[in-house]
Amino acid sequence: MNFTDFTFWEVLIVGCLLWMVGRLVISRNTRGAGTFDKVALLSLDLFLVANVGVPTFLSFLTVSIGTYLWLFLITRDSRLKWTAPLLFAFQLSPLFYFKYSSFFLNDVCHAQIPSIKDLIIPAGLSFYTFQKVAFAVDTLQNKLPLPKPLDYLNFAGFFAQIVAGPIERRADLLPQMEKFKLRWDLQRINKGLNLIILGFFFKACLADNLSSLVVALRANFENVYLIWATNLCFGFQIYFDFAGYSFIALGLGKVLGIELTLNFRSPYWSTSIQEFWRRWHVTLSRWFRDYLYIPLGGGRTRFWFLNILIVFVVSGLWHGAGWNFILWGFIHGMALGLERILKFLKIHAFLGWLSTSLIVFFAWMFFYETNGEMLAKKVSHLFTLKAYALKNWNAAYDVMMTTETGLIFVMLGLCILVLLVELCDRSDDGPSYSPFFRFECQAIMLVLTFFLAPVKSNGFIYFSF
Amino acid sequence: MASFISVSETAAATACKKRSSALREIPRLTAIIVVTACSILGAWKYVLKLSPEVDLYTYAAHKKISYARKLDEQGPAKIVLCGGSSCAFGVNTDAMQKTFDLPVVNFGMHAGMGAPVLVGLALKYTKPRDTLIVSLEPHLLFMSFDWPALGDQISYALKQPDLCEGGPLHLPRKGALGIFLTMRPGAQNMLLFLPRELSHLGVIYPKSSFSASGWQSFDGHVQPKPSVIPTVLSADGQTLLAKVVGYCRQNNIRVAYAIPWLYCDAAQMPHYQSMFSKYLYQVNRYMPVLRDPTMGIDTDPEDFGDGNNHLRPRGATRRGEQLARLIMQWKTWNPDELAAYAD
């Protein structure tokens, strides 16, 4: 579901038009309209998922239908409850096969099995697998009844969020699917469009321009200023890329009358690592908290530090099968654990923000640099005081003024401006990005997107997770 | 009864309120649609009128087209060279004309326009009995077309939108409806190229770099670096070659492929020549390949300007003269020779 691919919108618009025609044929007042809308939504979901690719479609159907049938058997016959762990193994098996088999067998165990190398991971596998696991746990733990198959499939495969989240819970999304009926509400459509415009501005105008800078800068491993510049660009790129996707998903949901969870809450204004994880990829953080951290004992056991480390290492592995992702998770886990130990030191909010930003942007290097040798060189340079000499700054400046990277100051300036706008709305629950929904802001974002977004868009970074 | 009335009145009031709040949304929605439409049109206008890159290549295309027309008036047949910038820089068509008296026009443009537009443009100005020399960069035939935006932009700037599908080749294109969204400049164009062009600092080549016959000259020199060349033609590349041959056969146009020259170290020459012969062996299945004894390899770094396939005038003249001889003698490789070379 690549929202930046025009073909997606072609299919979506044609699908919606067919839906409208169907609605005209079936009278709006008949009782069948609700069911018709659910069937139409499911058809659109399945068609769009199938359009992503055959492996994606097949793995999605296998995990979704398999989960439902298994749960159906367990809920009918309580003697089968013992099979619940097998159900989770079944749900996770495609994820392990496509994403981790080569890493564990070839890289960790040195088994050298060429057939599992370079497997193409079905798009969105990590996201919908986690959603189904959460669904199964919630259903079994809370002894909830199984929904109707049609409602379940709409919950499991809602096109706007299936490929890259938000990872929705049963309690949030399923009731909406059960009551789903298409209504034309101009206010809601307007709000949905606002979110879509914001999402496109983030993704196409900011993230895609930053992407070319990261590509041009990342090969450098000697100049510390360029390494930090790459970390900064990548940090902004991944935020605007993923937040952009999430806003478009939220907007599409809203237009159809479905409320999805806000996945980002201005994470770069966090004053602690803990706050950062409450604001970054909110639905994934909650998933790890509820289905891994708390079952491990959470923060109330003697081993709370270990629990944190386990959660973050697993989180790193969720992002990608590689040592660099494990290290990325480990750094965040360590930082969070140390922060908890040192919480008696009451530091000023600005210092908190500065230290959090330094850790977060330093750690992004482990995210984008998959070459271990390069990563080691970059880390060692960053911790060498001499590398920060003025002559290196001058050399970095010269590189940043070339044609390939000449946009760096303008783009970083624009990103900082956007973050400052985010800062205007910092309520207790976290910013809701409301200044971006003012008409003037929307108009500026539209113009900037059409004029500054590169013509060729990159795929969304989180698609590869 | 009274309570019934009050309930129905409340419902009516709620419905009315809803309707009025919905109506309040209409001006905002309309304004958003207007801003979107204006942005699309503004971006379109900018690309076609102000973009320095589009302006340069539209100018170059016009120059080449008018020269091709002039050659048509002067004689019965002409030679048309087509390709990307390695063709534009790499073949001194002025020298070919002067030394060998060949009526030749260089339709080499920018590889970033994509193979379909490059070939389509040249084919539109090639008539029966002409000779078409396809000198596309190998990478254009190794990857899927991808339909780059620059090709669409220049097609529209030339007022020849049919070029977006390869002109007379009519190549199938996915997402053709999305072309209108490719008429956007992008940050690099607006924030880097335009200010530098306006302040006469120059980012791209000047218009004066194109000679009348279409050859583009640039005498700067940057030490070239060898590049990696894949060796398997893509499905799109094969379709393009087959379509070009079919069109040329139908229209009585003589066609051959000439490999552009690329820099590599002398030590790596056998490796590169082996790679290129594998490539040419595949091209030879579709069209004859001119028998360039160097197999497209030049080991003299001084022959190259600002890239490993951008020849300077001295290299371009040497290459032009060699190409002229090959065309006049119509010397082509046979498949067995190429296969032997590859081994």
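Check the entry above for the structure.
On a predicted model such as this, the values are computed, not experimentally measured, just so you know. Each chain carries its own residue numbering, running from 1 in the written order of its sequence. All chains are assigned letters beginning at A, and all ligands numbers beginning at 1, according to the order in which they are written. Restriction of local features to residues with pLDDT of at least 70 applies here, the model being predicted, together with a cutoff of 80 or more for giving and counting side-chain atom pairs; totals for whole chains, interfaces and linings are based on all residues. As a rule here, side-chain values cover all heavy atoms of the structure and leave hydrogens and water aside.

Chemist: Talk me through the interface of chain B and chain A; I want residue IDs and the actual numbers.
Modeler: A contact between two residues is defined here by any heavy atoms of the two lying within 4.5 Å. Taken residue by residue, the interface counts 36 residues in chain B and 31 residues in chain A. Where chain B abuts chain A, roughly 2800 Å² becomes buried across the two surfaces, and 70% of that area is made up of carbon and sulfur atoms. Salt bridge, as applied in this entry: a Lys or Arg side-chain nitrogen positioned within 4 Å of an Asp or Glu carboxyl oxygen. Across the contact surface, chain B and chain A share zero salt bridges. Contacts described as polar in this section are N or O atom pairs within 3.5 Å, which, within protein, must combine one atom able to donate a hydrogen with one able to accept it, while residues neighboring in sequence count only if both atoms come from side chains. Our count for the chain B to chain A interface comes out at six residue pairs in polar contact (both at pLDDT 80 or more). Elements are defined by DSSP. Helices are runs of H or I of four residues or more, strands are runs of E of two residues or more, and each kind is numbered from the N terminus. Those elements that provide at least two residues to the side of chain B that touches chain A are α1 (2–49), α7 (149–157) and α8 (187–198) of chain B. Here the term charged refers only to Asp, Glu, Lys and Arg, the term nonpolar to Ala, Val, Leu, Ile, Met, Phe, Trp, Tyr, Cys and Pro, and the term polar to all other amino acids, Gly among them. Looking at side-chain class alone, the side of chain B that touches chain A contains 20 nonpolar, ten polar and six charged residues. Buried area is a sum: the accessible area each of two parts loses on coming together, probed at 1.4 Å, counted once for each and added.

Chemist: So, helix α5 (residues 115–124) of chain B: which residues are in play, and what are the values?
Modeler: Residue and element names in this part refer to chain B. Any residue under 20% of the maximum accessible area for its type is buried, any over 50% is exposed, and the rest in between are partly exposed; the area is computed with a 1.4 Å probe on protein chains only. Where burial is concerned, most of α5 is hidden: nine out of the ten residues are buried. When we look at burial in α5, the residues that qualify are Ala115, Pro116, Val117, Leu118, Val119, Gly120, Leu121, Ala122 and Leu123. Looking at the buried side of α5, the elements it contacts are α2 (52–74), β1 (79–82), β3 (131–134), α6 (138–142), α7 and α9 (235–250).

Chemist: Pulling in residues and values, what's your account of the sheet that holds strand β4 (residues 254–257) of chain B?
Modeler: Backbone-to-backbone hydrogen bonds join strands into a sheet, with any given pair of strands oriented parallel or antiparallel. Residues and elements named next belong to chain B. Read across the open sheet, the four strands follow the order β2-β1-β3-β4; overall the sheet is parallel. Of all strands in the sheet, those with a lone pairing partner are β2 (104–106) and β4, marking the two edges. Neighbouring strand axes in the sheet, compared pairwise and without regard to direction, differ in orientation by 15° on average. Two strands pair under a simple rule: DSSP has to find at least two bridges between them. In this analysis, axes come from line fits to C-alpha atoms, helices being fitted only over the stretch in contact, and the angle between any two N-to-C directions falls in the range 0 to 180 degrees.

Chemist: Describe a nonpolar patch on the surface, and please don't skip the residues or the numbers.
Modeler: Residue and element names in this part refer to chain A. A cluster of nonpolar side chains, contributed by Leu338, Ile341, Leu342, Phe344, Leu345, Ile347, Phe350, Leu351, Leu354 and Leu358, occupies part of the molecular surface with about 970 Å² of accessible area. Counting residues per element, the ones that place at least two in the nonpolar patch are α13 (323–341) and α14 (349–368). Here the element with the most residues in the nonpolar patch is α14; it accounts for four residues. In this structure, Leu345 sits in the loop between α13 and α14. The residues that make up patches have over 30% relative accessible area and no salt bridge, and they are joined within 9 Å when like-charged or within 5 Å when they are Val, Leu, Ile, Met, Phe, Trp or Tyr. Exposure was quantified through the Shrake-Rupley algorithm and a 1.4 Å probe, taking into account, for residues, occlusion by the shown protein chains and nothing else.

Chemist: So, the side chain of B:Thr93: which residues are in play, and what are the values?
Modeler: All names here are of chain B. As for its placement among the helices and strands, Thr93 is situated in helix α4 (residues 93–100). With a relative accessible area of 0%, Thr93 lands in the buried category. Those residues in contact with Thr93 that lie beyond four places of it in its chain are Leu81, Val104, Val105, Asn106, Ser213 and Trp215.

Chemist: How would you summarise the packing of aromatic side chains if you had to cite specific residues and measurements?
Modeler: Ring pairs are drawn from Phe, Tyr and Trp, using the six-membered ring of Trp, whenever the two centres fall within 6.5 Å, and their geometry is named by plane angle: stacked under 30 degrees, edge-to-face over 60, tilted for the rest. Applying the stated criterion to the full structure yields 75 aromatic pairs over all chains. Between the aromatic rings of A:Phe236 and A:Tyr268, the centroid separation amounts to 5.9 Å while the plane-to-plane angle is 80°, which identifies the pairing as edge-to-face. Taken as a pair, A:Phe236 in helix α9 (residues 224–256) and A:Tyr268 in the loop between α9 and α10 (273–279) lie far apart in primary sequence, 32 residues in all. Overall, the relative accessible area of 4% leaves A:Phe236 in the buried class. A:Tyr268 gets classed as buried once you look at its relative accessible area, which sits at 6%. Geometrically, the ring pair formed by A:Phe264 and A:Trp280 is edge-to-face, given 5.0 Å between the ring centres and 90° between the ring planes. Of the two residues, A:Phe264 sits in the loop between α9 and α10 while A:Trp280 sits in the loop between α10 and α11 (282–293), which places them 16 residues apart along the sequence. Any Lys NZ or Arg CZ that is within 6 Å of a ring centre and within 35 degrees of that ring's normal is treated as a charge sitting over the ring. Above the ring of B:Trp330, the side-chain terminus of B:Arg254 is found at 3.8 Å from the ring centroid.

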